[in-house]
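What follows is each chain in one-letter form.
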Amino acid sequence: MESIKDRVAIIGMGCTKFGELWDKGPYDLIVDACYEAFEDAGIKPKDIQAAWFASLVSGSTGSRLSNALKLEYIPITRVENFCSGGLHALANACYAVASGVCDIALACGVEKLKDRTTGFAMMNPEPMDSSKVIPETPPANMFAHIAIRYFNDRGWDIEEGKRILAQISVKSHHNGTFSPKAHLQREITVEDVLKAPMIIYPLGLYDCCGLSDGSAAAIVVRADMAKDFRDDYVLVKSFGFSSGAGQAILQDDYDFLHIQENIEAANRAYGQAGIKNPRKEINIAQVHDCFSIHELMLYEELGFSAKGKAREDVEAGTFALGGELPVNTDGGLKCFGHPLSASGLRMTYETYKQLQGKAGPRQVKNAKTGLVHNAGGMVGSLNASVSIFGREAG
Amino acid sequence: MIGLISGGAYIPLWRLSRGAIADGMRGEKAIAGADEDSITMAVAAALDCLDGTDRQEVDGLFFATTTSPYKEKLGATIVATAADLRRDIITADFSNSLRAGTIALRAAIDAVKSGSVKQVIVVAADCRQGAPGSNWELSCGDGAVAFLIGDSEEVIAEVDASYSVSDEMMDVWRSEDDRFIRSGEGRFIATEGYARVCGEAVTGLMKRFNLSMRDFTKAMFGVPEPRTQAGLAKSLGVDPKTQLQDSMYFHVGDTGTACSLMLLQAALECAKKGDRFLLVSYGNGSDAMSVKVTGRIENRHKNRGIKGHLETKKTIDYYRTYIKWRGLLPIERPPRPLGLVAAPALWRELEQNIRLYGVKCKSCGTVQYPPQKVCTKCYAKDQFEKIRFSDKRGRLFTYSIDYITWAPEIPSITAIVNFEGGGRIQCLMSEVQVEELKIDMPVEMSFRKMDFREGIHLYSWKSIPVREEFL
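Residues numbered from 1 in each chain as written. Chains lettered and ligands numbered in written order. Predicted model: local features only at pLDDT ≥ 70, side-chain atom pairs only at ≥ 80, totals over all residues.

**Q** Quick question: what am I supposed to make of the overall build of chain A here?
**A** Of regular secondary structure, chain A possesses 14 helices and 11 strands. Over its C-alpha trace chain A gives a radius of gyration of 20 Å, about what one expects of a compact globule, namely 21 Å for 394 residues. Structurally, chain A occupies a C-alpha span of about 55 × 50 × 40 Å along its principal axes. Within the span of chain A, comprising 394 residues, buried residues form 60% of the whole. (Helix = DSSP H or I, 4+ residues; strand = E, 2+ residues; numbered from the N terminus. Rg over C-alpha atoms; globule rule 2.2 N^0.38 Å. Buried ≥ 20, exposed ≤ 12 C-beta atoms within 10 Å, placed from the backbone.)

**Q** In this structure, what is going on with the overall build of chain B? I would like to understand it.
**A** Along chain B, the regular secondary structure elements total 12 helices and 22 strands. Whereas a compact globule of 471 residues would reach a radius of gyration of roughly 23 Å, chain B reaches 22 Å, a difference of no more than 12%. When the backbone C-alpha atoms are referred to their principal axes, chain B occupies close to 70 × 50 × 40 Å. Relative to its full complement of 471 residues, chain B shows a buried share of 49%. In chain B, the proportion of contacts linking residues at least 24 apart, taken out of those at least 6 apart, comes to 72%. (Contact = placed C-beta atoms within 7 Å.)

**Q** Hey, could you run me through the domain arrangement of chain B in this one?
**A** Residues and elements named next belong to chain B. According to the domain assignment, chain B contains domain 1 (2-325) and domain 2 (343-466). Counting residues at the interface gives 16 residues for domain 1, matched by 17 residues for domain 2. Counting residues per element, the ones that place at least two in the side of domain 1 that touches domain 2 are helix H2 (38-50) and helix H3 (76-82). (Domains from an automatic or database assignment.)

**Q** Please explain the packing of helix H5 (residues 158-176) of chain A against helix H11 (residues 292-301) of chain A as it appears in this structure.
**A** Pairs of packed helices are described in terms of their axes, by the angle between the two and the distance that separates them. All names here are of chain A. The geometry of H5 relative to H11 is characterised by a closest axis approach of 9 Å and an angle of 95° between their N-to-C directions. On the basis of their axis angle, the class for H5 and H11 is roughly perpendicular. Residue-level inspection shows Ile164, Leu165, Ile168 and Ser169 of H5 in contact with H11, the latter providing Ser292, Ile293, Glu295 and Leu296. When its residues are assigned to classes, the contact of H5 with H11 shows 5 nonpolar, 2 polar and 1 charged. (Axes fitted to C-alpha atoms, helices over the stretch in contact; angles between N-to-C directions. Parallel < 35°, antiparallel > 145°, perpendicular 65-115°, else oblique. Nonpolar A, V, L, I, M, F, W, Y, C, P; charged D, E, K, R; others polar.)

**Q** Could you clarify how one ought to interpret the interface of chain A and chain B in this entry?
**A** Frequently, the measure chosen for interface size is the accessible area that the parts lose on association. Taken together, the contact between chain A and chain B spans 31 residues of the former and 36 residues of the latter. Broken down by secondary-structure element, the contributors of at least two residues to the side of chain A that touches chain B are helix H4 (139-154), strand S5 (198-201) and helix H8 (247-250) of chain A. The element contributing the most residues to the side of chain A that touches chain B is H4 of chain A, with 6 residues.

**Q** It is not clear to me how the sheet that holds strand S9 (residues 284-286) of chain A should be interpreted in this structure. Could you clarify?
**A** The strands that make up a sheet are held in pairs by hydrogen bonds between backbone atoms, and each pair lies either parallel or antiparallel. All names here are of chain A. Pairing is mixed across the open sheet formed by 9 strands, whose spatial order is S3-S2-S4-S7-S1-S8-S11-S10-S9. Of all the strands in the sheet, the pair left with one neighbour each is strand S3 (76-79) and S9. Each strand axis lies, on average, 25° off the axis of its neighbour in the sheet, ignoring direction. Inspection of the sheet shows strand S10 (residues 369-378) paired to strand S11 (residues 381-390) by 10 bridges, in the antiparallel sense. (Pairing = 2+ DSSP bridges.)

**Q** Looking at this structure, I do not really get the domain arrangement of chain A. What am I missing?
**A** Residue and element names in this part refer to chain A. As far as domains go, chain A holds domain 1 (8-116 + 215-226) and domain 2 (136-209 + 236-390). Placing the centre of domain 1 and that of domain 2 at their C-alpha centroids yields a distance of 24 Å. Every element with two or more residues in the side of domain 1 that touches domain 2 is listed here: strand S1 (8-15), helix H3 (85-99), strand S4 (104-112) and strand S7 (213-222). Broken down by element, the side of domain 1 that touches domain 2 gets its largest block of residues, 7 residues, from H3.

**Q** Just to check I follow, could you spell out H5 of chain A for this structure?
**A** Because each turn of an α-helix spans 3.6 residues, side chains separated by three or four positions in sequence point in the same direction. All names here are of chain A. The end-to-end C-alpha separation of H5 is 27 Å, in line with the 27 Å expected for 19 residues at 1.5 Å each. Every buried residue of H5 is listed here: Gly161, Lys162, Leu165, Ala166, Ile168, Ser169, Val170, Lys171, Ser172, His173, Asn175 and Gly176. On the buried face of H5, the contacting elements are H4, helix H6 (190-195), H11, helix H12 (310-316) and helix H13 (332-336). (Expected span 1.5 Å × (residues − 1).)

**Q** Would you explain the sheet that holds strand S14 (residues 314-316) of chain B in this entry?
**A** Residues and elements named next belong to chain B. With mixed pairing, the 3 strands of this open sheet are ordered in space as S3-S2-S14. Of all strands in the sheet, those bounded by a partner on one side alone are strand S3 (28-30) and S14. Sheet twist, expressed as the mean angle between neighbouring strand axes with direction ignored, is 35°. In terms of strand pairing, strand S2 (residues 14-17) meets S14 through 3 bridges, oriented parallel. Each residue of the ladder has a partner; that of leucine 16, found in S14, is isoleucine 316.

**Q** I'm lost on unusual backbone geometry in this one. Help?
**A** Generally, phi is negative for residues other than glycine and the peptide bonds are trans, each holding for most cases. The omega angle of the peptide bond from tyrosine 201 of chain A to proline 202 of chain A is 5°, so this bond is cis rather than trans. With respect to the helices, strands and loops of the structure, proline 202 of chain A is situated in the loop between S5 and strand S6 (203-204). Residue proline 370 of chain B follows tyrosine 369 of chain B across a cis peptide bond; omega there is 0°. One non-glycine residue with positive phi stands out, namely asparagine 328 of chain A, at about 55°. Note on asparagine 328 of chain A: 27 C-beta atoms within 10 Å, which makes it buried. With phi around 50°, glutamate 454 of chain B is a residue other than glycine that occupies positive phi space. Within the secondary structure, glutamate 454 of chain B sits in the loop between strand S21 (442-453) and strand S22 (456-465). A tally of 9 C-beta atoms within 10 Å means that glutamate 454 of chain B is categorised as exposed.

**Q** What's the story with the nonpolar core in this structure? I'm lost.
**A** General note: in soluble globular proteins, nonpolar side chains tend to be found buried as a group. With 258 residues, the main nonpolar core has Cys108 of chain A together with Ala45, Ala46, Val79, Val122, Val123 and Ala144 of chain B as its most contacted residues. Take this core: its biggest share by element is 10 residues, from H2 of chain B. Here alanine 45 of chain B is in contact with Gly8, Ala9, Tyr10, Val123, Ala125, Ala144, Val145 and Ala146 of chain B, once residues within four sequence places are set aside. (Core = buried A, V, L, I, M, F, W, Y, C linked by C-beta atoms within 7 Å.)

**Q** Would you take a moment to explain the environment of leucine 382 of chain A for this structure?
**A** Residue and element names in this part refer to chain A. With respect to the element layout, leucine 382 can be found in strand S11. Separated by 140 residues in sequence, leucine 382 and serine 242 place their C-alpha atoms 7.8 Å apart. With sequence-adjacent residues up to four places away left out, leucine 382 is seen in contact with Gly244, Ile259, Glu261, Ala375, Gly376 and Gly377.

**Q** I keep staring at the packing of H3 of chain A against helix H14 (residues 340-355) of chain A and nothing clicks. Help me out?
**A** Residues and elements named next belong to chain A. Closest axis-to-axis distance for the H3/H14 pair is 5 Å, and the angle between their directions is 65°. Within the contact between the two elements, H3 uses Gly85, Gly86, Leu87 and Leu90 and H14 uses Leu340, Ser341, Ala342, Ser343, Gly344, Leu345 and Thr348. Among the residues making up the contact of H3 with H14, the classes are represented as 5 nonpolar, 6 polar and no charged.

**Q** What am I meant to see in H4 of chain A here?
**A** The terminal C-alpha atoms of H4 of chain A lie 23 Å apart, and with 16 residues this matches the ideal 22 Å at 1.5 Å per residue to within 8%. Contacts from the buried residues of H4 of chain A go to S5, S6, H11 and S10 of chain A together with strand S18 (393-402) and strand S19 (412-419) of chain B. Just downstream of H4 of chain A lies glycine 155 of chain A, where phi reads positive at about 70°.

**Q** Would you explain the confidence of the model for chain A in this entry?
**A** Do not read the predicted coordinates in detail wherever pLDDT is low. When pLDDT is averaged across chain A, the result is 94; 96% of the residues are at 70 or more. Contacts from residues 121-127 of chain A, a stretch scored under 50 in pLDDT, to residues over four places away or in other chains number 19 contacts. (pLDDT = per-residue confidence, 0-100.)

**Q** Would you mind going over the pairing of S10 of chain A with me for this structure?
**A** The side chains of a regular strand alternate between the sheet's two faces. Residues and elements named next belong to chain A. For S10, a buried count of 10 out of 10 residues is recorded, marking the element as mostly surrounded by other parts of the structure. Pairing geometry for S9 and S10, over 3 bridges, is parallel. Paired with glutamine 286 across the bridge in S10 is valine 372. Following S10, the chain reverses through 2 residues before pairing antiparallel with S11; glycine 380 in that reversal takes a positive phi of roughly 95°.

**Q** Teacher, can you tell me more about the environment of leucine 268 of chain B here?
**A** Residue and element names in this part refer to chain B. Position of leucine 268 relative to the elements: it lies in helix H8 (residues 259-268). A tally of 22 C-beta atoms within 10 Å means that leucine 268 is categorised as buried. Residues leucine 268 and aspartate 451 lie 183 residues apart in sequence; the distance between their C-alpha atoms is 36 Å. Among residues more than four places away in sequence, those in contact with leucine 268 are Gly7, Ile156 and Ala157.

**Q** Sorry if this is basic, but what is going on with the environment of glutamine 352 of chain B here?
**A** All names here are of chain B. Here glutamine 352 lies in helix H12 (residues 350-353). A residue is classified by how many C-beta atoms lie within 10 Å of it, and glutamine 352, with 23 of them, is buried. Along the chain, glutamine 352 and threonine 312 lie 40 residues apart, while their C-alpha atoms are 30 Å from each other. Those residues in contact with glutamine 352 that sit more than four places away from it in its chain are Tyr357, Pro370 and Pro371.

Shown next as structure tokens:
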């Protein structure tokens with residue numbers, strides 16, 4: 001099989017402010033994100049030859065995108081993979097230009113989640129139940145299931161476990177204060193986190209990302225064309241995707257201590273990119289912090305922390321903005337909120353700006369290789385995605 | 001011999017103290033939880049009765065209630081499917097009367113006697129609702145009972161005499177749109193209803209079959225309200241100290257059409273060979289039956305029955321909880337996206353939702369729920385045997401406690417249960433307090449109401465702590 005490494009480049013990106021954007025509809029957000037990307041790339045909408053459009057609640061077909069941008073009769077595919085929609089849209093756009101069926105492609109993700117009063121409970125329990133007799137189990141419940149076994153396995157009582165998780169949310173909130181497009185831009189303390197109302201035990205208010213509206217977009221071309229558009233293009237190193245088959249529930253020996261889909265996706269991405277030591281070779285990472293416990297697990301699952309050492313790394317500040325491997329440098333899902341299909345592209349936007357040295361007060365020094373991770377669905381039936389980007393070929 | 005092969009019962013875990021309804025009232029009554037109704041209680045009683053028997057031998061199910069959740073739709077088929085009985089059986093609902101339980105019992109015995117069927121299970125359940133402030137609200141309790149009737153050497157009791165009186169009277173009723181029980185004036189029903197009509201049935205029984213009250217070890221009346229029962233007993237010559245079966249009024253309450261049969265089950269749990277019970281029901285008439293206990297009573301299967309459910313309970317002193325559970329308090333629930341109910345999908349998934357079937361792979365032995373076409377472990381396609389999980393025990397592998405959900409009871413608990421013998425299920429958990437949750441705690445499965453949408457009561461199974469944990 002061939003690799004995508006160094007064959008595709010991002011030449012322009014856009015991202016709206018994320019938040020409770022009552023006065024903006026899907027078209028407003030699509031136009032804001034995509035026009036910023038067009039301007040960044042120095043192209044016009046009519047230059048786009050094909051597009052991939054990701055949305056769970058704001059459009060079922062590609063025509064939502066073409067209507068907003070007035071794209072004239074080009075091929076557009078609507079992509080849906082819960083929280084992984086954005087990266088899947090990006091990957092498909094990249095595969096298309098790499099194959100040569102088109103030269104310039106657009107990937108855009110958008111959600112108007114705040115139009116609905118309910119949150120993650122809107123998700124149907126896939127893939128098992130079509131009669132919908134069994135009530136929806138929001139992802140929060142599944143991560144709570146994990147947290148309970150995780151604390152138990154490591155011998156942490158509830159206070160100790162929550163304190164470890166709290167430091168992750170505090171770290172992300174601090175990063176969010178440097179992030180003008182984030183929904184939440186304020187500091188919090190560990191005590192704030194511990195005192196916060198319980199959402200789904202043991203996860204409290206500050207352990208859970210909120211829902212918000214937003215959109216982000218990327219324009220990609222084949223790497224050999226990229227310098228015609230800009231010097232500081234960002235290369236795609238790899239994509240690793242992995243879809244669960246319900247193993248967590250179907251197999252009674254699944255331990256609720258790890259997420260195999262994350263591990264598989266990471267292995268594929270690292271393999272394609274030629275990365276052997278993630279802790280050393282990845283300079284920044286945006287990971288799926290839907291719930292603080294997920295970010296904690298990801299440190300080990302993505303190979304940033306040695307097995308069993310995530311806690312030590314958290315307490316040592318390894319993943320803080322000034323640390324060895326900054327994670328969620330823009331505040332993460334925690335501060336941006338999570339418009340599902342837009343998030344992967346928002347994380348890519350942060351990576352793109354960081355690699356170009358344009359991240360302002362949150363700039364990470366010597367950012368050369370960045371990782372983006374998302375996971376959508378429920379434990380055992382997750383669609384995990386890992387994508388790696390870099391400035392230099394090789 | 002034709003008669004009762006086994007009996008079972010179900011009393012909800014919850015008891016509401018009568019003092020919470022009105023100051024100074026004595027005792028407590030059993031109340032169904034928010035996720036229970038006559039159908040779910042009937043399933044529990046049926047499974048208690050069928051524990052230790054071969055369910056494939058059951059040829060029929062009669063379901064008796066005055067409180068079916070449907071005005072038109074068989075409850076018996078829901079109960080029979082949840083109890084995992086065969087398809088080629090007779091099913092019927094006996095409804096609209098406090099006497100429906102004994103009417104169904106007599107019909108079951110007659111069906112077996114006629115040779116039409118070999119075994120029938122009679123299940124009676126009631127969840128009666130009196131208007132707030134009424135005497136019915138004080139007296140009505142919730143419960144269910146089941147008897148397996150058949151022709152067998154294992155019969156523990158036979159009905160060797162039966163006498164029925166049909167009586168047209170506006171005694172207790174509800175019309176099409178009534179939510180609450182209507183009844184005539186108390187003294188009128190007591191005198192011209194219970195006393196006259198039950199008296200007529202009992203007297204008729206004694207005369208036709210040459211029996212007298214001395215022949216009976218115990219008398220049980222489906223009229224548990226203490227004063228009415230005392231009056232009835234006195235007028236019939238029942239010795240209140242030695243012959244009157246405890247009506248459980250101060251522990252359970254008046255369980256409507258299940259009442260007299262629940263008292264029979266209670267009596268059978270302490271019975272000896274040769275005991276003879278007088279069973280009397282009331283409702284637009286009266287059924288009087290003589291139930292004779294056989295020598296097989298010593299060998300009767302020890303299930304939970306009345307005793308096991310009576311002695312495991314949790315008392316609620318808060319009236320508001322009760323009326324909220326009964327749906328009498330229009331609580332505003334958080335908005336929740338409602339998927340449209342798809343009738344074909346409901347029908348297609350009956351086995352996994354109602355029978356609680358999973359599968360075991362014939363190729364590698366992996367047990368999986370819900371049923372799959374392709375094995376999760378060895379990928380063999382369509383090589384499965386069906387496995388029933390409803391009567392399996394399990395242990396709580398992990399859980400979550402949801403404080404922000406739309407569910408009627410907050411917090412809502414979602415459990416991952418690992419079954420004895422393999423297999424795992426993700427399900428809601430009921431009847432457990434947050435403080436009681438512990439990894440590895442033993443659980444069992446219970447048939448419960450999940451939701452009510454578009455006029456459809458959606459049922460399935462939840463996990464609950466093993467009932468004996470509440471001893």
